[in-house]
Each structure stands twice: as structure tokens, then as C-alpha cells.
Amino acid sequence: MTPYPPARQDFSRSAPVRLWEDGFALDPYRYYDDLRAQGPVGWAELAPGVPAYVVTDRLAALELLHDTETFSHDPRPWESTVADDSPVLGMMRWRPNSLFADGAAHARYRTTLIDTFDLVEPHDLRARVHRAVHLLVSRIGPKGEADLVGEFARPLMALVFNSLFGLPDSQSERLNQALGKMMEGGAQAAAGEAEFGGYVLELIAAKAERRGDDLPSRLLDHPAGLTPEEVTWQVFLTLGAGHEPTANLVSNALSRILGNPAYYSTLTSGARPVMDAVVEVLHHETPLANYGVHYARRPTTFHGTWIRAAVPVVVSYGALAYVAEQEVVEGRHPKDASHLSWSAGPHACPVKQHTLLIATEAIERLTQWLPDLAPVLPRERLAWRPGPFHRSLTALPVRFSPRSPDQPGDPS
């Protein structure tokens with residue numbers, strides 16, 4: 001067990017920083033300042049009456065993410081303390097998949113995901129993204145204006161992931177709506193979880209009856225011998241983890257690009273790769289702001305804080321990104337040029353290359369077809385979706401010269 005120093009503080013009687021408030025979506029950095037003022041580990045609420053420890057220090061986060069002896073990913077002891085209608089349960093309740101497993105069970109689930117996604121060839125994934133962008137630009141291009149969140153980033157991910165998981169385009173909006181409700185963690189969270197669960201159950205039932213050239217079919221046939229229930233929850237995890245953060249990554253990157261005309265011109269001219277903008281978001285405005293949930297196996301001391309068992313310990317990737325950006329703004333070189341948006345340790349993202357390909361190809365194709373995108377609002381006036389887990393724009397309105405992707409000279 002890691003020999004952490006003696007506890008200097010116990011938050012059991014302290015007022016938590018409320019990450020579920022509307023103000024958090026408006027200005028999360030003020031909340032991160034309040035958490036960081038408490039030390040490497042702060043005390044927060046993810047929802048009314050749902051407290052959590054929040055790690056805002058990079059070293060502490062890395063130790064947490066690698067310490068499998070002191071901490072577990074199994075939330076079931078915590079679940080017994082939470083009301084059945086808690087709005088964060090959709091994101092945090094136990095399911096038999098790699099996110100909520102430890103040890104051998106985690107290795108078994110994770111191996112199936114890695115093996116399955118390894119069969120997705122980059123050229124095939126690129127073609128799926130290009131097809132989805134073409135479809136969406138066909139809808140918005142002739143209008144000369146669009147919301148790049150509601151009419152591009154989110155429906156794009158639904159189209160791409162529906163395709164990978166073997167469902168027709170007609171089902172994409174259902175996926176999009178259900179996940180949006182669940183991620184926000186508000187009054188609609190339970191309904192979103194139920195809708196998404198129904199979507200996944202129907203998908204697996206169809207693939208169990210008739211296989212296809214898709215990810216669920218490969219999971220059902222994997223040598224690890226997953227049960228249909230286990231496959232269901234692997235798909236539940238993968239669709240959610242793929243759609244929402246990747247949509248946010250695209251929209252956050254677009255908002256930063258379009259808010260800086262000089263930056264945008266270097267991208268559209270090809271002088272600067274789109275990957276630069278995507279990596280900048282991962283460094284400074286990560287789309288999955290607070291997650292990486294752990295639970296102490298027994299009461300323990302961690303970086304000077306007394307950690308109770310059965311209380312979530314959350315990694316604030318958003319707070320870590322905020323610190324790095326402040327260092328840049330102040331003219332200081334960040335203490336560490338890397339970022340933790342992919343997490344770290346045994347539960348680090350197993351498909352980051354797929355995510356990067358989807359995000360960069362989507363932005364490149366959009367800006368090739370619509371090279372004069374201009375924001376309607378300055379970036380500081382954009383609105384952000386509520387919820388403790390993500391950094392997600394509500395809308396990104398833009399104007400551009402009307403154009404159809406079928407006009408001569410379009411990208412092939």
C-alpha cells in the first residue's frame with residue numbers, strides 16, 4: 001500500500017463546492033479555484049446530497065490512477081448510500097464492464113474492447129467520418145448558417161457510432177438525445193439513462209439473433225466468451241464514452257479555432273494541422289472535466305486528506321487543464337507538457353487513436369467544405385451545458401457562404 005502522509009484535514013463537516021450548480025457550467029474556473037484552495041484534494045457535491053472528494057493536483061491524480069491496492073472502481077458500496085433517483089447514477093452506477101471492474105475482471109473486459117477496436121481499420125473509420133460529414137454538410141451548407149453543436153458535432157458522433165455498432169442512420173437522433181440527457185445529470189438524467197439502456201438492449205438483441213460486420217457482433221464472438229449481458233454493458237460504456245466526449249472535443253476545438261481568426265487561417269490554409277487545435281483542447285479545456293471515479297477500499301489518508309470509504313474520489317481533469325492554461329497565460333512554461341485527458345494507469349483510454357482520428361477528420365472535412373466559417377457570438381458569450389462531468393457547449397452558432405458539398409471542387 002502507498003505510504004501516504006498523515007491526514008491534515010477531514011472534510012466531514014465542511015461545506016462542499018457544488019459542481020451541480022448552474023454557475024459551474026457558466027464559470028467552472030471559479031469553482032476549481034475554490035477546490036484547489038483546499039489542497040490537492042477538495043470537497044464537492046456532484047448532485048444535491050451526493051458528496052465527493054475531487055483531486056485537483058497532477059501528482060495526486062497520477063498516484064490515484066495507478067494505485068489499485070488502495071482504491072477500487074467498484075461503486076456498489078457507494079450506491080447503497082445514494083437515493084434511487086439521484087441524477088448522477090446514470091454515469092456512476094455499477095455495471096459489469098471495464099469501467100467499473102478491477103483486477104482480472106477489468107483485464108478481461110478491457111482486452112475485448114482493445115481487440116474489437118483493433119479490427120477497425122483507420123481508412124474505414126476515416127470513410128465513415130467523411131460520409132457523416134458529407135451528410136450533415138448537405139443539410140446545413142445551403143442555409144449559410146448553423147449550430148455546430150446541435151447540427152454538426154453531436155449528430156456526427158451519433159452517425160459515426162451508429163455505423164460502427166451496426167445501426168441505420170435513422171436511429172442516430174435517438175442515441176444523441178438519450179446520451180445528452182444522461183450526461184447533464186439533471187432532472188432528465190433518469191429518463192436519458194432508460195432511453196439509452198433501451199437503445200442498447202435492442203441493439204444487442206438484434207445482433208445476438210443475427211450477426212453483422214460491426215462491433216457488437218465481434219464482442220459477442222470474442223474468445224473471452226462474454227455473456228450477452230456483459231456485451232450489453234460493454235456497448236453501453238463504449239457508446240457513451242465514445243459519443244459524448246468526442247462530440248465535446250470537436251465542438252470545443254471548433255469554438256477555440258473560430259474564436260481566433262489568425263489561428264483559423266493557418267488551419268484552413270494547411271499551414272497548421274488540425275491536430276494542434278484538438279490537442280490544445282485536451283490540454284486546456286478537456287471535454288470530460290470531472291470523472292475517473294474511484295472509491296477507497298477502506299478509510300485512508302491520501303495527500304493530507306482523510307478519505308472515507310464508499311465516497312467517490314473524482315479526478316478533475318478540468319482543474320488540471322485550467323492550471324496548465326493559467327501557466328501559459330502568465331507566460332510560464334507548464335510544469336508538465338503532457339495532459340491527463342486520456343486518464344492514466346490501468347483504466348487509461350484504450351481507443352485514443354480512434355478518437356483523435358474521428359475528431360481531426362471531422363474538423364478538417366468541415367473546414368474544407370465551409371472554409372469561411374465565422375462565429376455569430378464571441379467565445380465569452382457562448383453558453384455551456386449544465387452537469388458536473390463534462391465541459392460541453394450548448395450551441396456554437398456560425399455563418400458562412402452557402403454551399404453544397406456536391407459542388408465541383410469539393411474534397412474527395
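In what follows, the structure referred to is the one given above.
Residues numbered from 1 in each chain as written. Predicted model: local features only at pLDDT ≥ 70, side-chain atom pairs only at ≥ 80, totals over all residues. Heavy atoms only, no water.

## Considerations on the nonpolar core
Put simply, the test is: Side-chain atoms within 4.5 Å link the members of a nonpolar core, which is a set of buried Ala, Val, Leu, Ile, Met, Phe, Trp, Tyr and Cys residues. Type-normalised accessible area, obtained with a 1.4 Å probe on protein chains alone, sets the label of each residue: buried when under 20%, exposed when over 50%, and partly exposed for intermediate values. Numbering of helices and strands runs from the N terminus, with a helix taken as a DSSP run of H or I at least four residues long and a strand as a DSSP run of E at least two residues long. Any two residues whose heavy atoms approach within 4.5 Å are treated as being in contact.
In this structure, Phe152 and Phe196 are the most contacted members of the largest nonpolar core, which totals 105 residues. Considering every element that reaches this core, the biggest residue donor is helix H12 (residues 228-258), with 12 residues. Leave out the neighbours within four places in its chain, and Phe152 touches Val133, Leu136, Asp147, Val250, Leu254, Ala362 and Leu366. Among the nonpolar cores identified, the runner-up in size contains 20 residues, and Val55, Phe71, Ala296 and Leu340 belong to it.

## Quick notes on the pairing of strand S6 (residues 290-296)
Our working definition: Here, any two strands with at least 2 DSSP bridges between them count as paired.
Counting buried positions along S6 gives 7 out of 7 residues, so the element sits mostly inside the fold. In this sheet, S6 lies alongside strand S4 (residues 71-72) in antiparallel orientation, the contact comprising 2 bridges. The partner of Phe71 across the bridge, within S6, is Ala296. Inspection of the sheet shows S6 paired to strand S9 (residues 312-316) by 4 bridges, in the antiparallel sense. Bridge pairing in S9 places His294 opposite Val313.

## Side note on the packing of helix H7 (residues 122-140) against helix H16 (residues 352-369)
The condition is simple: Under this scheme, a helix contributes an axis fitted over its contacting stretch, all axes are lines through C-alpha atoms, and angles between N-to-C directions fall in the 0 to 180 degree range. In this scheme, roughly parallel covers angles under 35 degrees and roughly antiparallel covers those over 145, while 65 to 115 is roughly perpendicular and the rest are oblique. By definition, turning the near helix anticlockwise from the far helix through less than a right angle yields a left-handed crossing, and turning it clockwise yields a right-handed one. Any residue that is not Ala, Val, Leu, Ile, Met, Phe, Trp, Tyr, Cys, Pro, Asp, Glu, Lys or Arg is counted as polar, Gly included; the first ten are nonpolar and the last four charged.
H16 packs onto H7 with a crossing angle of 40 degrees between their chain directions and a minimal axis gap of 9 Å. One element, H7, and the other, H16, form an angle in the oblique class. For the crossing formed where H7 meets H16, the hand is right-handed. Only His354, Leu357, Ile358, Glu361, Ala362, Arg365, Leu366 and Trp369 of H16 make contact with H7, whose side of the interface consists of Pro122, Leu125, Arg126, Val129, His130, Val133, His134 and Val137. For the contact of H7 with H16, the class distribution of residues is 10 nonpolar, 3 polar and 3 charged.

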